[in-house]
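The primary structure of each chain is shown beneath.
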Amino acid sequence: MVELWNDYLWPLIWIVIKILVIVVPVLIAVAYLTYAERKVIGAMHRRKGPNVVGPFGLLQPFADGAKLFLKETVIPSSANRAIFLVAPMLTFFLALIAWAVIPFGEGLVLADINVGVLYLFAISSLGVYGILMAGWASNSKYAFLGSLRSAAQMVSYEVSMGFVIITVLLCVGSLNLTDIVEAQRGMWFVIPLLPMAVVFFISTLAETNRHPFDLPEAEAELVAGYNVEYSAMTFALFFLGEYANMILMCGMTTILFLGGWLPPFDIAPFNWLPGPVWFIIKICALLFIYIWVRAAFPRYRYDQLMRLGWKVFLPISLIAVVVVSGFLVAFDMVPAAG
């Protein structure tokens, strides 16, 4: 019995505890990201935002969650019932399992695998399936058009994101996310690779269907896009998945270009804060830019969206791969493979 506990049960329980330590804060962060977005946009519009439920409206996310949880889940009579219900679960599940390889600090990572970048890219690529399934299973022309838009948009911008990531990998020589952060101890990659950081961040806006690239949810022409037929907890799962993906993309940007958990300068008072605190501060700063962009910019037309992805970002990222690799070879700075 003791051997069973030591060899099987305790390792399993310990893994579950570590998963909960990651998942629960992420879900709380998602809840309060919705609150922060409404407050910040309210301030930019010179209005108050949520301020009724709890002090300063701090309990508003829980009130919204309770409302969605208690409402009836309506399934259209002509919908494919099984796929209709699986689609939001898939979207939400993919948004959470990507956090397994994200390093929050030195040694603070659930799975420190050597192909962490490929894992993240694979998970983000799979996200389009949940949206396509939702649009098709709803048996609604608005939902189907929204899902097709989302699929085309995500595939288009993943190409340029992939080339941007290659420029970072060329400078590091490893696919391990911890190695990428450690390679930025002397200088964050955002300084030498600033154009690539800008292209990557704008591509993450399109990848997460956020303003000004929220064409799959365009209210003017598609009512609410791919989730128009969803209600109650099925809608909530899409909502949670979208905001969890926002935080994940900001985490990826932080790791690739902003030094992850590393402070901006290795001197006091910057190095007094623990690494995970710096990681969270950087993610919050990027999330603020997400919200700022939503409040400041109008929505793109779909042809503008596609032109930006294929005719602007793709050539820039391709040229960047050639320039960075040529620079590294010319100055004999090619890193050893990790």
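The structure reproduced in this document is the subject of the present report. Starting afresh in each chain, residues are numbered from 1 along the sequence in its written order. Where local features are concerned, this predicted model is filtered to residues with pLDDT of at least 70; where side-chain atom pairs are given and counted, the filter is 80 or more; whole-chain, interface and lining totals use all residues. Side-chain measures were taken over the full set of non-hydrogen atoms in the model, leaving aside hydrogen atoms and water.

### Looking at helix 11 (residues 302–330)
For clarity, the cut-off: Here a strand is any run of E in DSSP of at least two residues, a helix any run of H or I of at least four, and the numbering for each starts at the N terminus. Between the first and last residue of a helix there are one fewer steps than residues, each counted as 1.5 Å, and that sum is the expected span. By definition, a residue's bend is the angle between the axes fitted to the seven residues ending there and the seven starting there. Note on classification: 1.4 Å probe, protein chains only; a residue is buried when its accessible area is under 20% of the maximum for its type, exposed when over 50%, partly exposed between these limits. The contact criterion used throughout is that any non-hydrogen atoms of two residues lie within 4.5 Å.
Under the 1.5 Å per step criterion, the end-to-end length of helix 11 is 41 Å for 29 residues, consistent within 8% with the ideal 42 Å. Roughly 35° is the biggest bend found in helix 11, and it falls at Phe313, with proline Pro315 one to four residues downstream. Considered for burial, the residues of helix 11 that qualify are Leu305, Met306, Leu308, Gly309, Phe313, Leu314, Ser317, Ala320, Val321, Val324 and Leu328. Residues of helix 11 that are buried sit in contact with helix 5 (141–172) and helix 7 (194–207).

### Considerations on the pattern of salt bridges
Heads up, the condition is: Salt bridges are defined by distance alone: a side-chain nitrogen of Lys or Arg within 4 Å of a carboxyl oxygen of Asp or Glu.
Scanning all chains against the criterion turns up eight salt bridges. Arg301 is paired through a salt bridge with Asp303; the nearest N and O atoms lie 2.9 Å apart. Its relative accessible area of 49% is what places Arg301 among the partly exposed residues. Where Arg307 meets Asp303, a salt bridge forms, and the shortest distance between an N and an O atom there is 3.9 Å. Here Asp303 and Arg307 lie together in helix 11, a separation of four residues that amounts to about one turn. Each of Glu37, Arg210, Glu242 and Arg294 takes part in a single network of salt bridges with overlapping partners.

### Examining a nonpolar patch on the surface
Applicable threshold: Patch rule: a residue counts if its relative accessible area is over 30% and it has no salt bridge; like charges are joined within 9 Å, and nonpolar side chains (Val, Leu, Ile, Met, Phe, Trp, Tyr) within 5 Å. All accessible areas in this document rest on Shrake-Rupley with a 1.4 Å probe, and a residue is counted as covered only by the protein chains that are shown.
A contiguous nonpolar patch, built from Tyr8, Leu9, Trp10, Ile13, Trp14, Ile17 and Val21 and spanning about 680 Å² of accessible area, is present on the exposed surface. Residue position: Tyr8 is located in helix 1 (residues 2–44).

### Considering the packing of helix 9 (residues 232–257) against helix 10 (residues 275–296)
The cut-off we apply is this: Geometry is summarised by axes, namely lines fitted to C-alpha atoms with helices restricted to the contacting stretch, and by angles between N-to-C directions that run from 0 to 180 degrees. For classification purposes, angles smaller than 35 degrees are called roughly parallel, those larger than 145 roughly antiparallel, those between 65 and 115 roughly perpendicular, and all remaining angles oblique. Less than a right angle of anticlockwise turn of the near helix away from the far helix marks a crossing as left-handed, whereas a clockwise turn marks it as right-handed.
Close contact between helix 9 and helix 10 brings their axes to 9 Å; oriented N to C, the two are set at 120°. Overall, the two elements helix 9 and helix 10 adopt an arrangement that is oblique. The two elements helix 9 and helix 10 cross, and the hand of that crossing is right-handed. Taking contact as the criterion, the partners of Tyr243, Met246, Ile247, Met249, Cys250, Gly251, Thr253, Thr254 and Ile255 in helix 9 are, on helix 10, Phe279, Lys282, Ile283, Leu286, Leu287, Tyr290 and Arg294.

### Comments concerning the packing of aromatic side chains
Where we set the bar: Within 6.5 Å between ring centres, the rings of Phe, Tyr and Trp (the latter by its six-membered ring) count as paired, and their orientation is classed by plane angle as stacked under 30 degrees, edge-to-face over 60, tilted in between.
By the definition in use, this model includes 14 aromatic pairs. Judged by centre distance (5.7 Å) and plane angle (80°), the ring pair of Phe104 and Phe279 falls under edge-to-face. On the criterion of sequence distance, the pair formed by Phe104 in the loop between helix 3 (81–97) and helix 4 (116–137) and Phe279 in helix 10 is long-range, its members being 175 residues apart. Residue Phe279 is classed as buried on the basis of its relative accessible area, which comes to 1%. Plain terms: the ring middles of Phe201 and Tyr290 are 5.3 Å apart, the flat faces sit at 90° to each other, and that makes the pair edge-to-face. Here the residue Phe201 occupies a position in helix 7, and Tyr290 occupies one in helix 10, the gap between them amounting to 89 residues.

### Overview of the nonpolar core
Using the following cut-off: Put simply, a nonpolar core is a bunch of buried Ala, Val, Leu, Ile, Met, Phe, Trp, Tyr and Cys residues held in one set by side-chain atoms that sit within 4.5 Å of each other.
Core analysis: the biggest nonpolar cluster contains 69 residues, and Leu120, Val168, Ile180, Phe200 and Phe257 have the highest contact counts within it. It is helix 9 that provides the largest number of residues to this core, a total of twelve residues. Not counting residues within four places of it along the chain, the set of residues in contact with Val168 comprises Ile180, Phe189, Leu193, Leu256 and Phe257. Core analysis: the next-biggest nonpolar cluster, separate from the first, contains twelve residues, Ala79, Val128, Ile131 and Met154 among them.

### A closer look at unusual backbone geometry
One can expect most non-glycine residues to show negative phi and most peptide bonds to be in trans. His211 connects to Pro212 through a cis peptide bond whose omega is 5°. Structurally, Pro212 is set in the loop between helix 7 and helix 8 (219–222). Phi at Phe56 takes a positive value of approximately 60°, unusual for a residue other than glycine. Its location among the elements puts Phe56 in the loop between helix 1 and helix 2 (60–70). Take Phe56: its relative accessible area is 65%, and that puts it in the exposed class. Phi is positive for Ala232, close to 55°, though the residue is something other than glycine. Among the secondary structure elements, Ala232 is positioned in helix 9.

### Regarding helix 7
Since one α-helical turn is 3.6 residues long, residues separated by three or four positions face the same way. Spanning 14 residues, helix 7 covers 20 Å between terminal C-alpha atoms, matching the ideal 20 Å at 1.5 Å per step. Buried residues dominate helix 7, accounting for ten of its 14 residues. Listing the buried residues of helix 7 in full gives Met196, Ala197, Val199, Phe200, Phe201, Ser203, Thr204, Leu205, Ala206 and Glu207. The inward-facing, buried residues of helix 7 contact helix 4, helix 5, helix 9, helix 10 and helix 11. Remark: Asn209 follows helix 7 within two positions and exhibits a positive phi of approximately 60°.

### Some points on the packing of helix 7 against helix 11
Put simply, the rule reads: When residue character is reported, Ala, Val, Leu, Ile, Met, Phe, Trp, Tyr, Cys and Pro are called nonpolar, Asp, Glu, Lys and Arg charged, and the others, Gly included, polar.
Orientation of helix 7 relative to helix 11, taken along the N-to-C sense of each, is 140°, at an axis distance of 11 Å. Relative to helix 11, helix 7 is oriented oblique. The interaxial crossing formed by helix 7 with helix 11 has left-handed handedness. Facing Met196, Val199, Ile202 and Ser203 of helix 7, the residues of helix 11 in contact are Phe313, Ile316, Ser317 and Ala320. Its residues assigned to classes, the contact of helix 7 with helix 11 comprises six nonpolar, two polar and no charged.

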